[in-house]
Amino acid sequence: MGAKTALLAFVDGDLRPALRGARPSGPAEAEAMVRQFLPGYVVTLTGDSTLEATYPPDDITCATVLPGAVLLCDRRLVLDRPSELPAHLLRAGAGRRIIMHGMHSVVDWLCFAVWDDEQMVRSLSLSPDGGIIENIGEPFDFERPYWDGEHPVEPVPGSSDQDSYPLPFHPLELGEQALRALFGFVIEGCPERDDIDVDTVHMHEFLVADPSGEEQAAREAAYERATRDMGPPRMFRPGPDGAMQEISWDEFLAGSAPDDSNSPR
């Protein structure tokens, strides 16, 4: 799966009707909202986007202000532990519902959370490597089949790793259900008739940068550590029995080279 999201919404009631009837908001209104939610940053309008951009690049915020709803896409606003949402964002949700949704397909991580009038109703954050990071409140109805064991992760046939999956379900599969239930659309899988068409939801795009440069430096240092810790890449190919076998880099390159034995001389 290639699903990634970083969504935070403030809404009066159900978000889906607001998105379904969405019309472009004014850029000045959206910029003021971004400055309110990300204080201290340098904010520059860079263009237009749509809700298809659910996981913008570093330092980019996509935002829109709709009747009864505010929606932002920004990695900085989605947390491993949603309960640690900063106080100024909780205050911004006074009298409203706050909805967070984050997914990252590289590590199979999912989080989603809901607050009503600043009070947390539900928070879930988990990944196969990190386990259950946060699990607060009663599961929503769309979650229950997953917790009840109706969607187990089966080993991939032929894979050398036949160990049981460390969670009772795949986080990204539940993540798509949460995305549809809370935001009204999905990224992967077959859309349903009532799903929101994300291409019709206009968003303003902003460069939102830390003027001190500290955030950017910390991010670059984290990338360098992650690259160093990963070590050299490992290559696999199916063996005669169908099981995946590790091969060397030279073997991989030799196998990927084009076969020119039948090419004209």
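Provided above is the structure to which this section pertains.
The notes below deal with the structure included here. Note that this is a predicted model, so its numbers are computed, not measured.

This part takes up the overall build of the protein chain. Each helix and strand in the protein chain was counted, giving seven helices and 11 strands. Nonlocal contacts in the protein chain, meaning residues at least 24 apart in sequence, comprise 62% of its contacts between residues at least 6 apart. For the protein chain, the accessible surface area stands at approximately 14,400 Å², while carbon and sulfur atoms represent 51% of it.

Taken as a whole and judged by the stated rule, the model has 14 salt bridges. With a shortest N-O distance of 2.9 Å, R35 and E31 are connected by a salt bridge. With R35 and E31 both in helix α2 (residues 27-37), this residue pair falls four residues apart, about one helical turn. Note on R35: relative accessible area 39%, which makes it partly exposed. Judged by its relative accessible area of 22%, E31 is partly exposed. Linking D74 and R76 is a salt bridge whose minimum nitrogen-to-oxygen distance equals 2.9 Å. For D74, a relative accessible area of 2% corresponds to the buried category. Overlapping salt bridges, with partners in common, bring together D58, D59, D74, R75, R76, E215 and R219 in one network.

Let us look at the nonpolar core. Core analysis: the largest hydrophobic core is formed by 38 residues, its most contacted members being L51, F112 and F183. Residue assignment for this core shows that the elements contributing at least two residues are β1 (4-11), α1 (15-20), β3 (60-66), β4 (69-73), β5 (97-104), β6 (109-116), β7 (119-127) and α5 (171-183). No other element matches α5, which puts six residues into this core. Ignoring sequence-local partners within four residues, the contact set of F112 consists of M100, H101, R122, S123, L124, F140, F142, E143, L174, A178 and L182. The next biggest cluster of nonpolar side chains, apart from the first, holds 27 residues, and it includes M33, V70, L89 and M100.

Although it is not a glycine, D59 adopts a positive phi angle of roughly 70 degrees. Secondary-structure assignment places D59 in the loop between β2 (42-50) and β3. The exposure class assigned to D59 is buried, which follows from its relative accessible area of 14%. Phi angles above zero are rare outside glycine, and D117 is one such case at about 50 degrees. Mapped onto the secondary structure, D117 falls in the loop between β6 and β7.

Next up on the list: α5. If you check α5, its first and last C-alpha atoms are 17 Å apart, about what 13 residues at 1.5 Å a residue would give, namely 18 Å. Across the 13 residues that make up α5, a large majority, 10, are buried. Every buried residue of α5 is accounted for by P171, L172, L174, G175, E176, A178, L179, R180, L182 and F183.

The next point concerns the packing of aromatic side chains. Under the defined criterion, the tally for this structure stands at five aromatic pairs. Between W147 and F169, the ring centres sit 5.0 Å apart and the planes meet at 90 degrees, which makes this aromatic pair edge-to-face. With W147 in helix α4 (residues 144-147) and F169 in the loop between α4 and α5, this pair connects stretches of sequence that are 22 residues apart. On the basis of relative accessibility, which here comes to 0%, the residue F169 falls in the buried class. Ring pairs connect the aromatic residues F112, F140 and F142, which therefore count as one cluster.

In this structure the tally under the stated criterion is zero disulfides. Unpaired in this structure, C62 has its nearest cysteine sulfur neighbour in C73, at a distance of 5.6 Å. Left without a disulfide partner, C111 is nearest to the cysteine sulfur of C73, which lies 13 Å away. Classification of C111 by relative accessible area gives buried; the value is 0%.

Turning to the side chain of D108, a few remarks are in order. Summarising the element assignment, D108 is placed in the loop between β5 and β6. The side chain of D108 is buried and forms no salt bridge, while K4, the nearest opposite charge, is found at 11 Å. A distance of 3.2 Å separates the side chain of D108 from the side chain of H170, its partner in a polar contact. Once residues lying within four places of it in the same chain are set aside, the contact partners of D108 are L126, S127, P128, Y165, H170, P171 and L172.

Criteria and thresholds
- Residues numbered from 1 in each chain as written.
- Predicted model: local features only at pLDDT ≥ 70, side-chain atom pairs only at ≥ 80, totals over all residues.
- Heavy atoms only, no water.
- Helix = DSSP H or I, 4+ residues; strand = E, 2+ residues; numbered from the N terminus.
- Contact = heavy atoms within 4.5 Å.
- Areas by Shrake-Rupley, 256 points an atom, 1.4 Å probe, with all protein chains shown as cover.
- Salt bridge = Lys/Arg side-chain N within 4 Å of Asp/Glu carboxyl O.
- Buried < 20%, exposed > 50% of the residue type's maximum accessible area, 1.4 Å probe, protein only.
- Core = buried A, V, L, I, M, F, W, Y, C linked by side-chain atoms within 4.5 Å.
- Expected span 1.5 Å × (residues − 1).
- Phe/Tyr/Trp six-rings, centres within 6.5 Å; stacked < 30°, edge-to-face > 60°.
- Disulfide = S-S within 2.5 Å.
- Lys, Arg positive; Asp, Glu negative; His and termini not counted.
- Polar contact = N/O pair within 3.5 Å; in protein donor to acceptor, adjacent residues only side chain to side chain.

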